[in-house]
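# Architecture at a glance
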Amino acid sequence: MTTTLYTSDHEWLAIDGDVATVGITDYAQQQLGDVVFVELPKVGRALKKTEAAAVVESVKAASDVYAPISGEVLEVNEGLASEPALVNSDAQGKAWFFKIKIADKSELGGLMDEAAYKAHTA
Amino acid sequence: MLARDDQNSLRRTPLYALHVSLGGKMVPFAGYEMPVQYPAGVLKEHVHTRSSAGLFDVSHMGQIRLLPKSGRLEDAAKALERLVPQDIVALAPGRQRYAQFTNADGGILDDLMVANFGDHLFLVVNAACKAEDEAHLRARLSDDCIIDSLADRALIALQGPKAEAVLAKFCAEASAMKFMDAGPRKVDGIDCFVSRSGYTGEDGFEISVPAGDAERLAKALLDNSDVLPIGLGARDSLRLEAGLCLYGHDIDTTTTPVEAALEWSVQKSRRTGGFPGAAKILADFDQGASRRRVGLRAEGRAPVREGAPLFADATSSEPIGKVTSGGFGPSLNAPVAMGCVPTAQSALGTQLFAEVRGQRLALQVAAMPFVKNTYKR
């Protein structure tokens, strides 16, 4: 069973055991507008919580995507390289960015559940 | 008069309420609250303009009339020639041309459009420069001209392959106009100034309309299913693909018209001087400028944006220039940029590198416009 958590920087994490799948929220893609390029971290990179992990570029501007938690990058969504518009059409589904091996489960405690995130973006 | 929002002192154009009602996302731009995009989004707005027609509110730009005190247009034309390296005297009635105000060092104070309206000249200048431009004109031309700033008019651009058919429904004479024709025309019974020009690389028109009639005219044009409202986001990507300069970014007080690759805009008849900065600009014509504005195409998919340093190779530590504007070109489905580089590195096909987030991305100097223009000449 997966649990979805959110950051105040508009990333989502689907937690499945000790693996988190990370992407940007539907709210974030709406704010960004048409996404034209996504730069993903290298598989194997050890990310520290809050460091810039990926970049998402809309027609208007480039935005950093921060590592919501610490851990090693296990897999990245190569499909976003050829179809960055997936971020607009399915931000919280097919347009996941990367999967990370959760280094410290206590970091999850600082994240929001869906109700808290909804209140955050209201 | 244009309304002023007291809370943040941003000005609003006569079409502000219309933008809001159309779902425009309003942002501060050159002292105005302007729509950066509508619900369709920048990509769709851009592509729609190239395939059909887009309506742009460019009322933030300055509209200024120069009326000769002598009553002879040639005197206003001669006076304006003291401030620009363009041939204004030879500009025929009903015609418009692109010009630049230059400074004593040959740099560009602003770029503008100048039209001959028969008994006066009509100027359209950039929003961010309009107060300085007006002061410059008053300080330098008041002996010869009445400088009349038209603050009570909106400016609407209608651009794209369907623009002519749409405008012809309201102004039968529009179809007979050629690229850079300009003059007073009735549009839907309203006294307008219409020019066949724009800032997208597409065929189209710019329509100066009294502020009180602007919303009615904009709505009438938008009632046509071929026309979508277009925000500043797509206006920028359209002009970038068209290879057109954005003042304050690709050109400014430190770039001469030759460095800006705008030689075509300086008529041969003026390459003898008589304008600010003539010594520098004529020397650039004679000996070549040391640097030059070029088009840049990336080999990868990552947009290369304004300010990115440019390098001659993948490892050198000293930048040779920088990107002056850049982003994603929706019609090309690829990144596109302009930059300023040493003339030695400005030849088409030259490989350069831009540094983006610590990585060197390969670029090639490419011909502009990036997208073929469709002006009706």
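Residues numbered from 1 in each chain as written. Chains lettered and ligands numbered in written order. Predicted model: local features only at pLDDT ≥ 70, side-chain atom pairs only at ≥ 80, totals over all residues.

Naming follows an unreviewed UniProt entry, where chain B appears as aminomethyltransferase of Bradyrhizobium neotropicale. According to the UniProt record, the Catalytic activity (unreviewed entry) comment for chain B reads "N(6)-[(R)-S(8)-aminomethyldihydrolipoyl]-L-lysyl-[protein] + (6S)-5,6,7,8-tetrahydrofolate = N(6)-[(R)-dihydrolipoyl]-L-lysyl-[protein] + (6R)-5,10-methylene-5,6,7,8-tetrahydrofolate + NH4(+)". (UniProt positions renumbered as here; feature names shortened; annotations may be inferred.)

Per an unreviewed UniProt entry, the recorded name for chain A is Glycine cleavage system H protein, and the organism is Bradyrhizobium neotropicale. What UniProt states about chain A under its Subunit (unreviewed entry) heading is, verbatim, "The glycine cleavage system is composed of four proteins: P, T, L and H." In its Function (unreviewed entry) section, the UniProt entry covering chain A states "The glycine cleavage system catalyzes the degradation of glycine. The H protein shuttles the methylamine group of glycine from the P protein to the T protein."

A separate point is the UniProt feature "modified residue: N6-lipoyllysine" (unreviewed entry) in chain A. Per the UniProt record, the feature "modified residue: N6-lipoyllysine" (unreviewed entry) sits at Lys60 of chain A. Structurally, lysine 60 of chain A can be placed in the loop between strand E6 (52-58) and strand E7 (62-66). For lysine 60 of chain A, a count of 22 C-beta atoms within 10 Å translates into the label buried. Beyond its immediate sequence surroundings of up to four residues, lysine 60 of chain A is in contact with Gly33 of chain A together with Val42 and Gly233 of chain B. (Helix = DSSP H or I, 4+ residues; strand = E, 2+ residues; numbered from the N terminus. Buried ≥ 20, exposed ≤ 12 C-beta atoms within 10 Å, placed from the backbone. Contact = placed C-beta atoms within 7 Å.)

Let us now look at the nonpolar core. Residues and elements named next belong to chain B. Judged by nonpolar contacts, the single largest core of 133 residues is most densely connected at Leu80, Val114, Leu123, Ile156, Leu158 and Val304. At six residues, the largest contribution of residues to this core is made by strand E8 (residues 108-116). Once residues lying within four places of it in the same chain are set aside, the contact partners of leucine 123 are Ile64, Leu66, Leu112, Met113 and Val114. (Core = buried A, V, L, I, M, F, W, Y, C linked by C-beta atoms within 7 Å.)

Here the focus is the pairing of E6 of chain A. All names here are of chain A. Of all seven residues in E6, five are buried; the element is thus mostly enclosed. Here strand E4 (residues 35-39) pairs with E6 via four bridges, running antiparallel. The residue of E6 that forms the bridge with glutamate 39 is valine 55. One ladder, built from five bridges, connects E6 with E7; its direction is antiparallel. Considered in E7, the bridge of glutamate 57 is made with alanine 62. (Pairing = 2+ DSSP bridges.)

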